[in-house]
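Read off the chains here:
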Amino acid sequence: MIQREQASIFSFYERILLRRIAGSLPLWVTPDRLTGFGVFGAALCLAGYAACTVSSNWLWLANLGLLFHWFGDSLDGTLARVRQIERPNYGFYLDQTIDVIGNLLIAAGIGISPWVRMDSALFMLAAYHMLSIHTFVRSVVTRRFHVDVLGLGPTEMRVAIVMMNLAILTAGAPEFSLLGQFVTWCDVLVVGGAAALMVVFVLEVRKEAHIQLVRDTQGDKDAS
């Protein structure tokens, strides 16, 4: 069984909160239903961003969708562990697969909004999924699933998006010309964040590849 490890910025307090919530949920709330609720939250986030073409106040709906997405996505596994009804293979497979749908809905919503270009949003999604794929492949090799990278995980990403939304509501995000393209500070932030994630991806792949090469080489020597 793959060992799950998490050491993100908010993970300590998040675990305490999630376990308390899980312990108080009625029996009709199941891990699978929470997973579905997370997808509903992502769809609600998409709808909120789409409605922002009418009024920026719909960002509050997008934020609510992100909260619902966190609730469903983060609590499904915790609930299974608290009730001791874990299904390690099924749970891991379903959770990571459904996450792709939720991530796409949220990224598409951000790209539909008036403040972030679709290409910027999809660039961030690609960078995030590059790190995610690296995490999944590493878990197969090491049998350890690291939810976060450098202290950043899905919860921290949602918090960053909510903070961006609040900044838009507070200060706006007017367009300006940059290298012949009309962008906002949100585009600069999103593209810069995506570039940073790609740099982290390259560094993490280089480090892990070296570790595995050393292990394989040492294993060949021991076998001989």
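Residues numbered from 1 in each chain as written. Predicted model: local features only at pLDDT ≥ 70, side-chain atom pairs only at ≥ 80, totals over all residues. Heavy atoms only, no water.

Bringing the overall build of the protein chain into the picture now. Summing up its helical and strand segments, the protein chain has seven helices and four strands in all. In sequence order, the secondary structure elements of the protein chain are arranged as β-α-α-α-α-α-β-α-β-β-α. Taking the principal axes of the C-alpha coordinates as reference, the protein chain spans close to 65 × 50 × 25 Å. Here the protein chain, with 224 residues, has 39% of them falling under the buried criterion. The contacts of the protein chain with a sequence gap of at least 6 include a subset with a gap of at least 24, amounting to 76%. Element-wise, carbon and sulfur atoms account for 68% of the exposed surface of the protein chain, whose accessible area totals about 12700 Å². Side-chain charges in the protein chain split into 17 positive and 18 negative, and the spacing between the mean points of these groups amounts to 6 Å. (Helix = DSSP H or I, 4+ residues; strand = E, 2+ residues; numbered from the N terminus. Buried < 20%, exposed > 50% of the residue type's maximum accessible area, 1.4 Å probe, protein only. Contact = heavy atoms within 4.5 Å. Areas by Shrake-Rupley, 256 points an atom, 1.4 Å probe, with all protein chains shown as cover. Lys, Arg positive; Asp, Glu negative; His and termini not counted. Charge placed at Lys NZ, Arg CZ, Asp CG, Glu CD.)

Contact geometry of helix α2 (residues 31–51) with helix α4 (residues 88–112) gives a least axis separation of 7 Å together with a crossing angle of 10°. On the basis of their axis angle, the class for α2 and α4 is roughly parallel. Residues Asp32, Thr35, Val39, Ala42, Ala43, Cys45, Leu46, Tyr49 and Ala50 of α2 pack against Tyr90, Leu94, Ile98, Ile101, Gly102, Leu105, Ile106, Ala108, Gly109, Ile110 and Ile112 of α4. Here the residues of the contact of α2 with α4 sort into 16 nonpolar, three polar and one charged. (Axes fitted to C-alpha atoms, helices over the stretch in contact; angles between N-to-C directions. Parallel < 35°, antiparallel > 145°, perpendicular 65-115°, else oblique. Nonpolar A, V, L, I, M, F, W, Y, C, P; charged D, E, K, R; others polar.)

With that out of the way, let us pick up a nonpolar patch on the surface. On the surface, Phe176, Leu178, Leu179, Trp185, Val188 and Leu189 cluster together to form a nonpolar patch covering roughly 580 Å² of accessible area. Looking at the nonpolar patch, the elements that each hand over two or more residues are β3 (176–178) and α7 (185–223). With three residues, the single largest contributor to the nonpolar patch is α7. Within the secondary structure layout, valine 188 lies in helix α7. (Patch = residues over 30% accessible without salt bridge, like charges linked within 9 Å, V, L, I, M, F, W, Y side chains within 5 Å. Salt bridge = Lys/Arg side-chain N within 4 Å of Asp/Glu carboxyl O.)

What follows covers the packing of helix α3 (residues 59–82) against helix α6 (residues 154–171). Interhelical geometry of α3 versus α6 gives an angle of 170° and a closest axis separation of 10 Å. Here α3 lies roughly antiparallel to α6, going by the angle between them. Where α3 approaches α6, its residues Leu59, Trp60, Ala62, Asn63, Leu66, His69, Trp70, Asp73 and Ser74 are matched on the opposing element by Thr155, Arg158, Ile161, Val162, Asn165, Leu166, Ile168 and Leu169.

This part takes up the state of the cysteines. The full count for this structure, using the stated rule, is zero disulfides. Sulfur of cysteine 45: no disulfide; nearest cysteine sulfur belongs to cysteine 52 and is 9.2 Å away. (Disulfide = S-S within 2.5 Å.)

Now for unusual backbone geometry. Its identity is not glycine, yet glutamine 84 carries a phi of approximately 55°, on the positive side. Among the structural elements, glutamine 84 can be located in the loop between α3 and α4. One non-glycine residue, leucine 179, adopts positive backbone phi at about 55°. The exposed category is assigned to leucine 179, whose relative accessible area is 82%.

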